Amino acid sequence: AKTVKETPMNQKTEDMFAAPVNTTEKQMTTVENNGHAMAPYMMSVALYVACMALSLMYPFGKGMTTTDSPVKFLLAKATVMVPLSFVQALILYFSLRGFCGFTPARPGLCIAFMLLLSLAFMAFIAFLAIAFGRIGEFIALIFMVFNLGASAGTYPLETAPHWYTVLHPFVPFTYSVNGFRSVIANATAVPTTEILFFVGLLVVSVLLTYVIVRHRSKTHKVFLPEVFDGEC
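About the thresholds
- Residues numbered from 1 in each chain as written.
- Predicted model: local features only at pLDDT ≥ 70, side-chain atom pairs only at ≥ 80, totals over all residues.
- Heavy atoms only, no water.
- Phe/Tyr/Trp six-rings, centres within 6.5 Å; stacked < 30°, edge-to-face > 60°.
- Helix = DSSP H or I, 4+ residues; strand = E, 2+ residues; numbered from the N terminus.
- Buried < 20%, exposed > 50% of the residue type's maximum accessible area, 1.4 Å probe, protein only.
- Disulfide = S-S within 2.5 Å.
- Axes fitted to C-alpha atoms, helices over the stretch in contact; angles between N-to-C directions.
- Parallel < 35°, antiparallel > 145°, perpendicular 65-115°, else oblique.
- Contact = heavy atoms within 4.5 Å.
- Nonpolar A, V, L, I, M, F, W, Y, C, P; charged D, E, K, R; others polar.
- 1 Å grid on protein atoms, 1.4 Å probe; cavity = no way out; pocket = protein on both sides within 12 Å on 5 of 7 lines; lining within 4 Å.
- Points joined across faces, edges and corners; volume = space filled by probe spheres on them.
- Core = buried A, V, L, I, M, F, W, Y, C linked by side-chain atoms within 4.5 Å.

Q: Now, about the packing of aromatic side chains: what can you tell me, with residues and values included?
A: For the coordinates displayed, the defined rule picks out 15 aromatic pairs. Look at Tyr 48 and Phe 121: their rings are 5.2 Å apart centre to centre, the planes differ by 80°, and that puts the pair in the edge-to-face class. In this pair, Tyr 48 sits in helix H3 (residues 34–57) while Phe 121 sits in helix H5 (residues 107–132), placing the two residues 73 residues apart along the sequence. Overall, the relative accessible area of 1% leaves Phe 121 in the buried class. For the ring pair Phe 113 and Phe 198, a centre distance of 6.0 Å and an interplane angle of 80° mean the geometry is edge-to-face. Taken together, the residues span a long stretch of sequence, with Phe 113 in helix H5 and Phe 198 in helix H9 (residues 192–219) at a distance of 85 residues. Across the pair, Phe 198 and Phe 113 agree in class, each one buried. In textbook terms, an aromatic cluster arises when at least three aromatic residues are bridged by ring pairs, as seen for Tyr 48, Phe 113, Phe 121, Phe 173, Tyr 175, Phe 180, Phe 197 and Phe 198.

Q: Quick rundown of the state of the cysteines? Include the residues and the values.
A: The final tally for this structure, using the stated rule, is zero disulfides. Cysteine Cys 110 remains unbridged, with the sulfur of Cys 100 as its closest cysteine sulfur at 13 Å.

Q: Hey, could you go over the packing of H3 against helix H6 (residues 134–150) for me, with residue numbers and the actual values?
A: H6 packs onto H3 with a crossing angle of 170° between their chain directions and a minimal axis gap of 10 Å. Judged by the inter-axis angle, H3 sits roughly antiparallel to H6. Where H3 approaches H6, its residues Tyr 41, Val 45, Tyr 48, Val 49, Met 52, Ser 55 and Leu 56 are matched on the opposing element by Arg 134, Glu 137, Ala 140, Leu 141, Phe 143, Met 144 and Leu 148. Residue classes in the contact of H3 with H6 are distributed as eleven nonpolar, one polar and two charged.

Q: Please give an account of the layout of surface pockets that cites residues and values.
A: Of the voids in this model, the largest pocket is the one considered here, and its volume is about 250 Å³. Every residue lining the largest pocket is counted, 16 residues in all, and those nearest its centre are Leu 74, Ala 78, Met 81, Ala 123 and Val 206. Residue assignment for the lining of the largest pocket shows that the elements contributing at least two residues are helix H4 (70–100), H5 and H9. Ranked by the residues each element gives to the lining of the largest pocket, the list is headed by H4, at seven residues. The residue makeup of the lining of the largest pocket, split by class, is twelve nonpolar, three polar and one charged.

Q: Let's hear about unusual backbone geometry: which residues, and what values?
A: The backbone of Ala 152 shows a phi angle near 60°, a positive value even though the residue is not glycine. Relative to the elements of secondary structure, Ala 152 occurs in the loop between H6 and helix H7 (162–167). When its relative accessible area of 13% is taken as the criterion, Ala 152 is described as buried.

Q: Got a sec to walk through the nonpolar core? Specific residues and values, please.
A: In this structure, Met 43, Tyr 48, Phe 180 and Phe 198 are the most contacted members of the largest nonpolar core, which totals 43 residues. Of all the elements in the fold, those that place two or more residues in this core are H3, H4, H5, H6, helix H8 (172–185) and H9. By residue number, the principal contributor to this core is H5, which donates 16 residues. The residues contacting Phe 180, other than those within four sequence positions of it, are Pro 40, Met 43, Ser 44, Leu 47, Cys 110, Phe 113, Met 114 and Leu 117.

Q: Quick one: what's the story with the environment of Gly 153, residue by residue and with numbers?
A: One can find Gly 153 in the loop between H6 and H7. Gly 153 gets classed as buried once you look at its relative accessible area, which sits at 4%. Expressed as a C-alpha distance, the spacing of Gly 153 and Gly 136, which sit 17 residues apart in the sequence, is 25 Å. Look past the residues within four positions of Gly 153 in its chain and what remains in contact with it is Met 38, Tyr 41, Val 177 and Arg 181.

Q: Give me the side chain of Thr 13: which residues, what numbers.
A: Turning to its location among the elements, Thr 13 is positioned in helix H2 (residues 11–18). With a relative accessible area of 12%, Thr 13 lands in the buried category. Those residues in contact with Thr 13 that lie beyond four places of it in its chain are Thr 7 and Pro 8.

Limitation: the analysis is restricted to geometry and does not speak to function.
Below you can see the structure in the form of structure tokens.
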């Protein structure tokens, strides 16, 4: 206080007190409008919900207990799930581009990331449906609700409850939102971490599904009562 009192006041001192810190701004990316800013979040939701919708219409677990080969069973299901995963991703992309003026910075990488994301979500939901029947589909729905809050797709994570910040690194939507933001707004960066995450989710989901099918085809047992089984 004494030092401040004894400091002679002049224009330089006044400028220092008025603006003690000089700030600089660096523009990292450019987002055309709010629609492009919200697209990563809503695209993630759209692809996930599309996979959930298929689980309600297509019997993922049918034939599991009678198959003589888990590999044949998985390949048979893949002939349906893989093409539909690609179709729904392409419909989403070209619908956004045609009707909403969607223009990502890296269109090719954006499409590739959407295809990977759709496959990974499909494999994950198929695993839940095959492992737990109708209960697995309900688990997929509840899991999506946690993703919506913990992914920071709409508001900054700092404004969310603390337990969302804990879940943030562990939910898939965190990585899908970050990946889409990169390919939509950043023309140079490749979302390597996000790509590896969804490759891992795809591989792990397929392997766990194989283990479940192999066990069921040998034991002819169901995990839950028949009323909840996916074959009903």
